[in-house]
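A closer look at the structure
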Amino acid sequence: MQALLQALGRFLLWPIRVYRARQTLHQLSQMDVRELRDIGLTPYDVQSAQALPLDADPTKLLASRARERLSSQIERRYY
């Protein structure tokens, strides 16, 4: 029963999550290259996240890209 209630809650809150994610993507798209670089992203990363379907979480893609970039910087620095 609890799983059903959780699924119903996710379904009902889906429009709010999509709105917030798109609002955040809009704010990111307004940043210049330097600002995005400061948080480990590029304009292409933001464009890629905007191209995802509405039911996909763009924060996962953006976090993954930033982690990959940070990891590669650390490797270049120490290896």
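Residues numbered from 1 in each chain as written. Predicted model: local features only at pLDDT ≥ 70, side-chain atom pairs only at ≥ 80, totals over all residues. Heavy atoms only, no water.

1. Some details on the side chain of D45
Inspection of the secondary structure assignment puts D45 in helix α3 (residues 43-50). At a separation of 2.9 Å, a polar atom in the side chain of D45 contacts the main-chain amide nitrogen of T42. Look past the residues within four positions of D45 in its chain and what remains in contact with it is G40, L61, L62, R65 and R69. (Helix = DSSP H or I, 4+ residues; strand = E, 2+ residues; numbered from the N terminus. Polar contact = N/O pair within 3.5 Å; in protein donor to acceptor, adjacent residues only side chain to side chain. Contact = heavy atoms within 4.5 Å.)

2. Quick look at helix α1 (residues 2-29)
If you check α1, its first and last C-alpha atoms are 39 Å apart, about what 28 residues at 1.5 Å a residue would give, namely 40 Å. In α1, a bend of some 45° at L13 exceeds every other bend along the element, and P15, a proline, comes one to four places later. For α1, the complete set of buried residues consists of V18, A21, L25 and L28. (Expected span 1.5 Å × (residues − 1). Bend = angle between axes of the 7 residues up to and from the residue. Buried < 20%, exposed > 50% of the residue type's maximum accessible area, 1.4 Å probe, protein only.)

3. Thoughts on α3
Regarding α3, the residues found buried are D45, V46, S48 and A49. All buried residues of α3 fall inside an arc of 160° around its axis, so they share one side. (Arc of directions from axis to C-beta.)

4. Structural notes on the layout of surface pockets
If you add up the space inside the largest pocket, you get close to 170 Å³. Around the largest pocket, the lining residues are W14, R17, V18, A21, R22, L54, D55, A56, D57, P58, T59 and K60. Broken down by secondary-structure element, the contributors of at least two residues to the lining of the largest pocket are α1 and α4 (58-78). The residue inventory of the lining of the largest pocket, partitioned by class, reads six nonpolar, one polar and five charged. (1 Å grid on protein atoms, 1.4 Å probe; cavity = no way out; pocket = protein on both sides within 12 Å on 5 of 7 lines; lining within 4 Å. Points joined across faces, edges and corners; volume = space filled by probe spheres on them. Nonpolar A, V, L, I, M, F, W, Y, C, P; charged D, E, K, R; others polar.)

5. Quick word on the nonpolar core
The biggest cluster of nonpolar side chains holds eight residues, and these are L25, L28, L36, L41, V46, A49, L62 and A66. At the level of elements, α1, α3 and α4 are the ones that each hand at least two residues to this core. Ignoring sequence-local partners within four residues, the contact set of A66 consists of I39, G40 and L41. (Core = buried A, V, L, I, M, F, W, Y, C linked by side-chain atoms within 4.5 Å.)

6. Quick look at the pattern of salt bridges
Scanning the entire structure with this criterion turns up three salt bridges. Here R34 and D38 are joined by a salt bridge, their closest N and O atoms 3.9 Å apart. Of the two residues, R34 and D38 both sit in helix α2 (residues 33-38), four residues apart, roughly one turn of that helix. Given a relative accessible area of 48%, R34 falls into the partly exposed group. Its relative accessible area of 61% is what places D38 among the exposed residues. (Salt bridge = Lys/Arg side-chain N within 4 Å of Asp/Glu carboxyl O.)

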